[in-house]
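An overview of the molecular structure
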Amino acid sequence: MSEREKEQPEIGTRFQNETKYTPDSLSSHVFNLGSIPETFKEYPNPIARISLPEPKARGESNLWKLLLRRRSRREYTVNKSLKLNDLSALLWATQGLTAQFGDTFFRTAPSAGGLYPVETYLYVRAVDGLEEGIYHFRPGDYDLEFLKKGEYSAQLTEAALQQTVVLCAQVTFIWSAVIARGRWKYNQRAYRYVYLDAGHIAQNLYLAGEALGLGVCAVGAFYDDGVNHIMDFDGEEETVIYMATVGLRSEQKPA
Ligand SMILES: Cc1cc2nc3c(=O)[nH]c(=O)nc-3n(C[C@H](O)[C@H](O)[C@H](O)COP(=O)(O)O)c2cc1C
């Protein structure tokens, strides 16, 4: 560590230090049990709510083979559409509900404290049966809320530092964090956990995409406020944290 950094730690070092668990920080933290945050988001007036087809597991199912084959894939065939059934399978793999205990619904991916602060949005460029535009996924109702109609490829690519993988993808997953959900329990440490949650979700997308013979690529390089603007996130209470593209592989073999 440089002398300057020792004297005046930069944000990364301060973040690590100030979000550390210590016996003192844990003993002084109190929950307000009366205000457990809602773990499902719903838009009051979407253009439409579109029920998703029941997710069907198809393709390769051997986990060991999938782990061996998983890659970030960036070469897509642009003029074909993704099947809605496959999109449904991917959404289920990332955030599908799998069990219920009391009021808590558990999902395919783990989440710190079962608070599920990550919301899933899609920019759909080319999917059978869906209009082009921006959608929000509701895992509980298992549907898509259609939020904004139109072509956002160029804007989203621009916000993703001109990465053409976004321009060519049939769908881009955009994950946001609703910070209040984690902050209720973890205070500032919640900011660590939203990224860990998102990593689990993205890995599920990678593996499910591999099973279906699709190309998935994580996208962590983006102008945050560029994406927040497209998505109408305020950038503080709800902010983009991660994205991933899904495309029909140009060398795609039938799964
Ligand atoms: C947090 C994170 C952010 C990433 N961001 C990008 C990105 O913006 N653009 C991109 O093309 N790949 C991105 N990747 C993919 C990595 O480049 C890729 O995982 C790495 O080169 C290893 O290759 P593999 O995924 O094929 O094993 C990202 C991966 C992670 C985990």
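The coordinates are above.
What comes next concerns the included structure.

Scoring rules and cut-offs
Residues numbered from 1 in each chain as written. Predicted model: local features only at pLDDT ≥ 70, side-chain atom pairs only at ≥ 80, totals over all residues. Heavy atoms only, no water. Helix = DSSP H or I, 4+ residues; strand = E, 2+ residues; numbered from the N terminus. Rg over C-alpha atoms; globule rule 2.2 N^0.38 Å. Buried < 20%, exposed > 50% of the residue type's maximum accessible area, 1.4 Å probe, protein only. Contact = heavy atoms within 4.5 Å. Areas by Shrake-Rupley, 256 points an atom, 1.4 Å probe, with all protein chains shown as cover. Lys, Arg positive; Asp, Glu negative; His and termini not counted. Charge placed at Lys NZ, Arg CZ, Asp CG, Glu CD. Arc of directions from axis to C-beta. Patch = residues over 30% accessible without salt bridge, like charges linked within 9 Å, V, L, I, M, F, W, Y side chains within 5 Å. Salt bridge = Lys/Arg side-chain N within 4 Å of Asp/Glu carboxyl O. Axes fitted to C-alpha atoms, helices over the stretch in contact; angles between N-to-C directions. Parallel < 35°, antiparallel > 145°, perpendicular 65-115°, else oblique. Left-handed = near helix turned anticlockwise from the far one by under 90°. Nonpolar A, V, L, I, M, F, W, Y, C, P; charged D, E, K, R; others polar. Phe/Tyr/Trp six-rings, centres within 6.5 Å; stacked < 30°, edge-to-face > 60°. Lys NZ or Arg CZ within 6 Å of the ring centre and 35° of its normal.

A separate point is the overall build of the chain. If you tally the helices and strands in the chain, you get 10 helices and nine strands. Taken over C-alpha atoms, the radius of gyration comes to 19 Å for the chain, in line with the 18 Å a tight globule of 255 residues would show. Counting only C-alpha atoms, the chain reaches 55 × 50 × 40 Å along its principal axes. Here the chain holds 255 residues, and the buried ones make up 46% of them. Relative to all contacts within the chain whose residues are 6 or more apart in sequence, the contacts with residues 24 or more apart total 77%. With the model as given, the accessible surface of the chain reaches about 13,400 Å², and the carbon-plus-sulfur share is 52%. Of note, the chain has its 28 positive side-chain charges centred 8 Å away from the centre of its 32 negative side-chain charges.

This next bit is on helix H10 (residues 224-231). The complete set of buried residues in H10 reads Val-227, Asn-228, Ile-230 and Met-231. One face of H10 carries all of its buried residues, which in axial projection span an arc of 160°. Along H10, exposed side chains directed more than 90 degrees from the buried face belong to Asp-225 and His-229. Elements that come into contact with the buried residues of H10 comprise strand S4 (118-124), strand S5 (133-138), strand S6 (143-149), helix H6 (153-159), strand S7 (171-178) and strand S9 (238-248). Just past H10, the residue Asp-232 takes up positive phi, approximately 60°.

A cluster of like negative charges, contributed by Asp-224, Asp-225, Asp-234 and Glu-236, occupies part of the molecular surface. Position of Asp-225 among the secondary structure elements: in helix H10. Here Asp-225 falls in the exposed class, since its relative accessible area comes to 57%.

Now for the packing of helix H8 (residues 179-186) against helix H9 (residues 190-211). Pairs of packed helices are described in terms of their axes, by the angle between the two and the distance that separates them. Here H8 crosses H9 at 125°, and the two axes come no closer than 8 Å. As the angle between them shows, H8 and H9 are arranged oblique. When you trace H8 past H9, the crossing you get is right-handed. Facing H8, whose interface residues are Ile-179, Gly-182, Arg-183 and Tyr-186, H9 presents Ala-190, Tyr-191 and Tyr-193. In the contact of H8 with H9, the residues fall into five nonpolar, one polar and one charged.

Looking now at the packing of aromatic side chains. As enumerated under the stated definition, the model contains 10 aromatic pairs in all. On the basis of an interplanar angle of 70° and a centroid distance of 6.0 Å, the ring pair of Phe-40 and Phe-105 is categorised as edge-to-face. Here Phe-105 lies in strand S3 (residues 104-107) and Phe-40 lies in the loop between helix H3 (23-27) and strand S1 (48-51), a separation of 65 residues in the sequence. Taking the centre distance of 6.3 Å and the plane angle of 80° together, the rings of Tyr-123 and Tyr-152 count as edge-to-face. With Tyr-123 in strand S4 and Tyr-152 in the loop between S6 and H6, this pair connects stretches of sequence that are 29 residues apart. Neither Tyr-123 nor Tyr-152 differs from the other in exposure class; each is buried. One cation-aromatic arrangement involves Arg-70 over Tyr-206; the distance from NZ or CZ to the ring centre is 4.7 Å. Directly above the ring of Tyr-21 sits Arg-189, whose terminal nitrogen or CZ lies 3.9 Å from the centroid.

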